[in-house]
Amino acid sequence: MFQLIYAYVAGLGPYVAFALALGLGIPFLLLVARPARWLIAFAVLFLCLVPFGGGELAGTSEGSLFRQIGWGSVFVLALFYALQGDKRFTIPWSWIPASYWLLLAYALVSVAWSVSPLVSARRAIQLVGVLFIALALVRQSRSSNPFETFVWPGVLYLLLGIAALAVPGLSIDPDGNYKGFTFTKNTWGQFALLMSMVFLFHALDKRKGRLAWWFFALASISLLATRSATSIVIYVVAVLLILYWVAMRRHGNKLLPATLVALLAGMVLLFAYFLIKGDLPVGAALEAGLGSVGKTTTLTGRTELWRWMGYEIARPPWLGTGFGGFWMGLEGPSYSIVRMFSWRPGQAHNGYIDIVNELGYVGLALLLLVFLAHLKNIYYINRMGDGLTAIFHLAILLVVLLLNVSETNFMRTTHLWWIVFSTSIVAAHVSIRSIRSNIPSGDRG
């Protein structure tokens, strides 16, 4: 009986089966939580993951009409939830750090000298929409961690990714890498990376159930199956950071000497290697690590792209070409770069290079100011006793910094990790305000 039902559903096609799963999943979410808590997270993940409309979903700002209508609707809905206080509608402008305001304002002003002002204006407006999403997620959260709203939508999408294995053409790319139901393995890898961190945070919270460990394992296996080198390496670094913090909290007096001994031993080994080989083992380590996931030290042609981007940056180095106005395929300023590569890049595959190219060194300095202000808030959250939340925000910051070495998500508007990072910034700032005002984090009317 079950085999007949499965065969019938699979025969309808992957997207019909996907729609049926959503039809079952959404009512389930309505039962486990009030819509305001998960609806924005559900919609954000949906638009970041579903391969409708074509194009590289993680890096497209305009995209298809479906995406434009979808994101526009989410921005409006997010604005409604961001305004929704206890008994009145107010815009919580004070929740946004001054450094973030400066960066956003500079991106808006850069439209004035952009090489493509209309495109820049549209993308700058999307930055404001992402800010509404961050405010809505923080306002509708019942705790200091707004990413709890991603739990049930994340579980649903992970299960849908498993179900997609029934259609190998949908879930496996030509190189044999798992990509769930998304457009590329990197898109699914970055989603699984986020969910593994969210579930790990839940698992370490003593108030949560043990089921979170199983979901953490599911997300981790899903990520490893993608063989996305960048996401896997960052996953290892982030998880080790969180687990090391937990170990220090529980066994600090015993673990600190062992840590110092390990660092000292590592330095001795590096020095011995240098004396014998006359070089540091960085190159060998990169070749071995990247080779294990089918990559080379050129990072699939990225280093050549970065070299050519250096010439573009040299033209307007201080102010940049204008926010979001450079990468327009073969029709805009990026033509001279895109035509050189058969894989048609839609970004520099390095967030730092893209920031300097579009916003200049001034924009990079403002972005650095955002990092430092956010790091300061994380430090104070830890000092005020909420170490688990602090280490989670620190792990997100670390992930974003590392992701942008080979992928651009700094200010990429509808990129999942720019939304996550913006939400982390607002949440940390609000936590500091709440603690200093002696207001419980969940009572943010």
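Residues numbered from 1 in each chain as written. Predicted model: local features only at pLDDT ≥ 70, side-chain atom pairs only at ≥ 80, totals over all residues. Heavy atoms only, no water.

1. Here's the deal with helix α6 (residues 117-139)
Put simply, the rule is: Numbering of helices and strands starts at the N terminus; helices are DSSP runs of H or I of at least 4 residues and strands are runs of E of at least 2. To estimate the expected span of a helix, count its residues, drop one, and scale the result by 1.5 Å. Here the term buried applies to any residue with accessible area under 20% of the maximum for its type, exposed to any over 50%, and partly exposed to those in between, with areas from a 1.4 Å probe on protein chains only.
Helix length check: α6 (23 residues) gives 33 Å between terminal C-alpha atoms against 33 Å at 1.5 Å per residue, within 8%. When you tally the buried positions in α6, you get 17 out of 23 residues, the bulk of the element.

2. Let's talk about the confidence of the model for the protein
We count it as follows: The quantity known as pLDDT measures the predictor's confidence residue by residue, on a range of 0 to 100. Residue contacts follow a heavy-atom distance rule, with two residues in contact if any of their heavy atoms lie within 4.5 Å.
On average, residues of the protein score 80 in pLDDT, and 73% of them reach the 70 mark or higher. Taking the mean pLDDT of every element in the protein, the minimum, 45, falls on helix α1 (residues 2-11) and the maximum, 95, on helix α5 (residues 98-109). Scored below 50 in pLDDT, residues 1-12 makes four contacts in the model with residues more than four places away or belonging to other chains. Counting interchain partners and residues more than four positions distant, the pLDDT-below-50 stretch residues 53-61 has 22 contacts.

3. Some remarks on the pattern of salt bridges
To keep things clear, this is the line we draw: What makes a salt bridge here is a side-chain nitrogen of Lys or Arg within 4 Å of a carboxyl oxygen of Asp or Glu, nothing more.
In the structure shown here, the tally under the stated rule is one salt bridge. In this structure, glutamate 304 and arginine 307 form a salt bridge, with 2.7 Å as the shortest nitrogen-oxygen distance. Residue glutamate 304 and its partner arginine 307 are both found in helix α13 (residues 302-313); the two are separated by three residues, about one turn of the helix.

4. Digging into the nonpolar core
This is how it is decided: The term nonpolar core refers to a set of buried residues drawn from Ala, Val, Leu, Ile, Met, Phe, Trp, Tyr and Cys, joined through side-chain atoms within 4.5 Å.
By size, the foremost hydrophobic cluster in this structure holds 101 residues, and its most contacted members are Ile133 and Trp417. Examining the composition of this core, we find that 12 residues originate from one element, helix α9 (residues 185-204), more than from any other. Once residues within four sequence positions are removed from consideration, tryptophan 417 is found in contact with Gln190, Leu193, Leu194, Met197, Ile396, Val399, Val400, Leu403 and Asn409. Leu305, Trp306, Ile313 and Ala348 belong to the second-largest nonpolar core, a separate cluster that totals 12 residues.

5. Here's the deal with the packing of aromatic side chains
Selection criterion: Between the rings of Phe, Tyr and Trp (Trp by its six-membered ring), a pair exists once the centres lie within 6.5 Å; its type follows the angle of the planes, with under 30 degrees stacked, over 60 edge-to-face, and the other angles tilted.
Inspection of every chain in the model, using the stated rule, returns 25 aromatic pairs. Pairing tyrosine 178 with tryptophan 188 gives two aromatic rings, centres 5.8 Å apart and planes at 80°, and the pair type is edge-to-face. Of the two residues, tyrosine 178 is situated in the loop between α8 (168-171) and α9 and tryptophan 188 in helix α9; the sequence distance between them amounts to 10 residues. With respect to class, tyrosine 178 is no different from tryptophan 188; both count as buried. Their ring planes at 55° and their centres at 5.9 Å tell us that phenylalanine 371 and phenylalanine 421 sit as a pair that is tilted. Placement of the pair is phenylalanine 371 in helix α15 (residues 351-383) and phenylalanine 421 in helix α17 (residues 416-436), with a sequence separation of 50 residues. Considered together, phenylalanine 371 and phenylalanine 421 belong to a single accessibility category, that of buried residues.

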